[in-house]
Amino acid sequence: MSNPTNLTSGRLLARNTIINLAGEVAPSLVALLAIPLVIRVLGVDRYGVLTLSIMVVGYFGLFDFGLGRAATKFIAAAAASSDQQEIPGLFWTSLFMMLAFGTAGGVVVAVLAPWLVHGALKIPVALQPESLHALYLLAFSMPFVISSGGLNGTLSAFQRFDLINEIRVPSAIFSYVGPLLVLPFSHSLGWLVAVVVLGRVAGWIVTFWLCLRLVPGLGREIHPGRATIRPMLSFGGWLTVSAVVSPIMAYFDRFLIGAMLSMAAVTYYAVPFQVATKLWIIPNAVSAVTFSAFSGAFSSDPDHAALLLESATKYIVLTLFAPVLFIITLAPEALRLWLGPSFADHSASALRWLTFAVFINSTAHPAYGLIQAADRPDLLAKLHLAEAPFYVAMLWWMMVRYGIAGVAITWTVRVVVTTLIVFLMAWRLLPMAAPGIARIATLTSAALLIFAVGTIPMDLPEQCLLLGIAPLLFAMLGWLVLGPRERASVRGVVRGVRLLLAQAH
């Protein structure tokens, strides 16, 4: 079994963050090349159906019931204490329950598939048979998709993000390359989805094998721990409330566009959404590492937890600044070059708003993890329940009047309000984090002012000047707000990157 000591050390967390970031960037680069090819061959209607089909299964991932996150929290706490004998019971409890819930979710998707294809969505009649086959295949994959959260939760509890990425990177790349390999032989959505499902199942099998190797006791004690069922379900229950409501606010926009506008409009919105949310690779890389650290440090060392919250959030702001400014400033030109004039005309405004929203949301990722690690996932669930009806009403109103740009604006307003409340919650739960949160607010506000400048119509030379000077000035500001330990961590990361580059050469 892995040594439980130093699972929250700064060097280990920085190393794993870099590994996670590299693991997210590689598939994103492949997606950048693959998406235009798939759209060009399939057409905007068929690609829109493919996007919605995958999102259906993404939403019904709520049948995870928060157990993936719960597995990470409880196993991380056990690994950092003297209760490591509890780990096999925690592992098998979460895995068995997630497989059962995933199967139930797959049945629900399969039952709803005919209604979704023939009634709920404006899918062209010619595409309905293959769309139905695609949904059935995705329903079959749900037990594997959902239970993989528990497997990855076990690996992340031991800070083995190297193993997670050894599986995740090839699987993610295959999800983009696999359909391209099928296109010369068939344009059917059924075959395209079948390839994606095959990759997911293969990834599940390898991840399960790695868990057995990492914790040898798992192979000898194959039984759930009955005593752990209730606390895991209790923790996961509130996460499930968020998992039910939050995806409505994350995905409902595209379903509403598909139901009221057209499949082409879904594509014109989904593509900028995919581009903007690719920026989540940075906060996801950070928060995946910090959540298990928060789980071990919140009660035992709250000062360290406060420092970790501030540092992680500032790193996210500083790292995201340049790519966000680039997208916001060059959105029309980039879309025109990448996908053509039609996408530039329909999607540029939405891309700017969504990128702005993703930046704001990204700053809250570590705070989300802190609140959950503090055993208060109920706060986030109640927040999502309270804001959902207002969001849906505003979304409907804005879409009718302003189309997909109105949808993007609504999504942005919701994200800003949610982020402010989440930081207020973190402040209340961890009062010593207040000075750090204030510094985060100052740094973020400066970034937002510069982003606003990027939306002003400019000639290309002026845009290039902004993109050349602003990141340097912001980096200088960021260096001033970093503490001594944070500056030392940055220097260590730079040395590590240089070492990796030297080894590569």
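In short, a report on the structure. (Residues numbered from 1 in each chain as written. Predicted model: local features only at pLDDT ≥ 70, side-chain atom pairs only at ≥ 80, totals over all residues. Heavy atoms only, no water.)

1. Some remarks on the side chain of serine 347
Phase 1: For serine 347, the position within the fold is in helix 13 (residues 341-363).
Phase 2: Discounting chain neighbours no more than four positions away, the residues touching serine 347 are Tyr268, Pro272 and Leu335. (Helix = DSSP H or I, 4+ residues; strand = E, 2+ residues; numbered from the N terminus. Contact = heavy atoms within 4.5 Å.)

2. With respect to a nonpolar patch on the surface
Phase 1: On the surface, Met260, Leu261, Trp396 and Val400 cluster together into a nonpolar patch covering about 360 Å² of accessible area.
Phase 2: By the element assignment, tryptophan 396 lies in helix 15 (residues 377-429). (Patch = residues over 30% accessible without salt bridge, like charges linked within 9 Å, V, L, I, M, F, W, Y side chains within 5 Å. Areas by Shrake-Rupley, 256 points an atom, 1.4 Å probe, with all protein chains shown as cover. Salt bridge = Lys/Arg side-chain N within 4 Å of Asp/Glu carboxyl O.)

3. A short note on the packing of aromatic side chains
Geometry of an aromatic ring pair is reported as the spacing of the ring centres plus the angle between the planes.
Phase 1: In this structure the tally under the stated criterion is 13 aromatic pairs.
Phase 2: Geometrically, the ring pair formed by phenylalanine 273 and tryptophan 411 is edge-to-face, given 5.2 Å between the ring centres and 75° between the ring planes. Taken as a pair, phenylalanine 273 in helix 10 (residues 263-277) and tryptophan 411 in helix 15 lie far apart in primary sequence, 138 residues in all. Pair check on accessibility: phenylalanine 273 and tryptophan 411 agree, each one buried.
Phase 3: With a centroid separation of 4.1 Å and an interplanar angle of 15°, the aromatic rings of phenylalanine 321 and phenylalanine 474 are classed as stacked. One end of the pair, phenylalanine 321, is in helix 12 (residues 302-339); the other, phenylalanine 474, is in helix 17 (residues 460-481), and 153 residues separate them in sequence.
Phase 4: Judged by relative accessible area, phenylalanine 321 falls into the buried class, the value being 1%.
Phase 5: Aromatic ring contacts, followed pair by pair, group Phe91, Trp92, Phe96, Phe140, Phe144, Trp204 and Phe208 into a single cluster. (Phe/Tyr/Trp six-rings, centres within 6.5 Å; stacked < 30°, edge-to-face > 60°. Buried < 20%, exposed > 50% of the residue type's maximum accessible area, 1.4 Å probe, protein only.)

4. Overview of the nonpolar core
Phase 1: In terms of nonpolar packing, the biggest core is built from 76 residues, with Ile257, Tyr269, Phe359, Trp411 and Phe451 touching the most fellow members.
Phase 2: Those residues within four positions of tyrosine 269 in sequence are excluded, and the remaining contacts are Asp253, Arg254, Ile257, Leu354, Ile404, Val407, Ala408 and Trp411. (Core = buried A, V, L, I, M, F, W, Y, C linked by side-chain atoms within 4.5 Å.)

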